[in-house]
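# Structure at a glance
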Amino acid sequence: MRYILASNSPRRKELLSGLDIDFEIRVLPDIEERYPADLPVEGVAEYIAKEKAAAYLPLMTPEELVITADTVVVVDDEILGKPSDADDARRMLHAISGRSHQVITGVCLTTTRKQRAFSVTTDVTFKQLSDEEINYYIEHYKPFDKAGAYGIQEWIGYIGVTSLHGSYFNVMGLPVQRIYNELHHF
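These figures come from a predicted structure and were not determined experimentally. Numbering of residues begins from 1 in every chain and follows the order in which that chain's sequence is written. Reporting of local features is limited, given that this is a predicted model, to residues whose pLDDT is at least 70; pairs of side-chain atoms are given and counted only at 80 or more, and all residues count toward the totals for whole chains, interfaces and linings. To get the side-chain values, take all heavy atoms of the structure and skip hydrogens and water.

### Notes on the packing of helix H3 (residues 86-96) against helix H4 (residues 131-141)
As a reminder of what qualifies: To obtain an axis, a line is fitted to C-alpha atoms, over the contacting stretch when the element is a helix, and the angle between two such axes runs from 0 to 180 degrees between their N-to-C directions. Only DSSP runs of H or I covering at least 4 residues are called helices, and only runs of E covering at least 2 are called strands; the numbering of each starts at the N terminus. Roughly parallel covers angles under 35 degrees, roughly antiparallel covers those over 145, roughly perpendicular covers 65 to 115, and oblique covers all other angles. Here is the rule for handedness: rotate from the far helix to the near one, and if that takes an anticlockwise turn smaller than a right angle the crossing is left-handed, while a clockwise turn gives right-handed. Contacts were defined at the residue level, with two residues in contact if any of their heavy atoms lie within 4.5 Å. Each residue is assigned to one class: nonpolar for Ala, Val, Leu, Ile, Met, Phe, Trp, Tyr, Cys and Pro, charged for Asp, Glu, Lys and Arg, and polar for all the others, Gly among them.
Viewed as axis vectors pointing N to C, H3 and H4 meet at an angle of 135°, and their least axial separation amounts to 10 Å. In terms of orientation, H3 and H4 fall into the oblique class. Seen from above, H3 lies across H4 with right-handed handedness. In this structure, H3 uses Ala86, Ala89, Arg90, Leu93 and His94 to contact H4, whose residues at the interface are Asp131, Ile134, Asn135, Tyr137 and Ile138. Residues of the contact of H3 with H4, tallied by class, amount to six nonpolar, two polar and two charged.

### Overview of the side chain of Thr110
Counted only if it meets this: Here the term buried applies to any residue with accessible area under 20% of the maximum for its type, exposed to any over 50%, and partly exposed to those in between, with areas from a 1.4 Å probe on protein chains only. The definition of a polar contact used here is a pair of N or O atoms within 3.5 Å, where within protein one atom must be able to donate a hydrogen and the other to accept one, and adjacent residues in sequence count solely through side-chain atom pairs.
Structurally, Thr110 is set in strand E5 (residues 100-110). Its relative accessible area of 2% is what places Thr110 among the buried residues. Here the side chain of Thr110 touches Gln115 through a polar contact of 3.0 Å, side chain to side chain. Those residues in contact with Thr110 that sit more than four places away from it in its chain are Ala53, Leu57, Met60, Glu64, Leu65, Val66 and Gln115.

### Concerning the pattern of salt bridges
Pairing between side chains of opposite charge can happen when their charged atoms approach one another. Selection criterion: Here a salt bridge means any side-chain nitrogen of Lys or Arg lying within 4 Å of a carboxyl oxygen belonging to Asp or Glu.
Taken as a whole and assessed by the stated rule, the structure comprises 16 salt bridges. Put simply, Lys52 and Glu33 hold a salt bridge, and the shortest N to O gap is 3.4 Å. Of this pair, Lys52 sits in helix H2 (residues 41-56) while Glu33 is found in the loop between strand E2 (23-25) and H2, placing the two residues 19 residues apart along the sequence. For Lys52, a relative accessible area of 10% translates into the label buried.

This is how it looks when you write it as structure tokens:
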């Protein structure tokens, strides 16, 4: 099998590299990350991962396996996507400050013959963040490409995360331990 990671994310590339498998990056432009409004928040990331996989399927050869993924941050049944600007990032960081939220990554493994989709959830708790800490993080790290407006592997994770239940790597964007097991059973 030739493995293909369908993602531009440097974090996902780094994480998948940690499994010591050979893979290539292949990214199709303009795949919309939309989902039905009535879909429960727990199913959104997996749904989007499957939609991404559907875009690759017509272009695949029988010896390829494509890995697609999507990560969402959920607080109070609201999905916090990627912030549109600094004010939106500030709103998101205030929403997760001093409380717990869920990070859900949906993954889809696809060949021309079969498909396996799953999601992994991690509970993350942040300390109460000050306005100064939030502003510092936004100004210095510009988290506009990150669901929930933060990267756990960055400064805000170092100073803010007080507990984590589940996969740390899932919060970074790819539950590699689960992917490793799924690939072995695929």
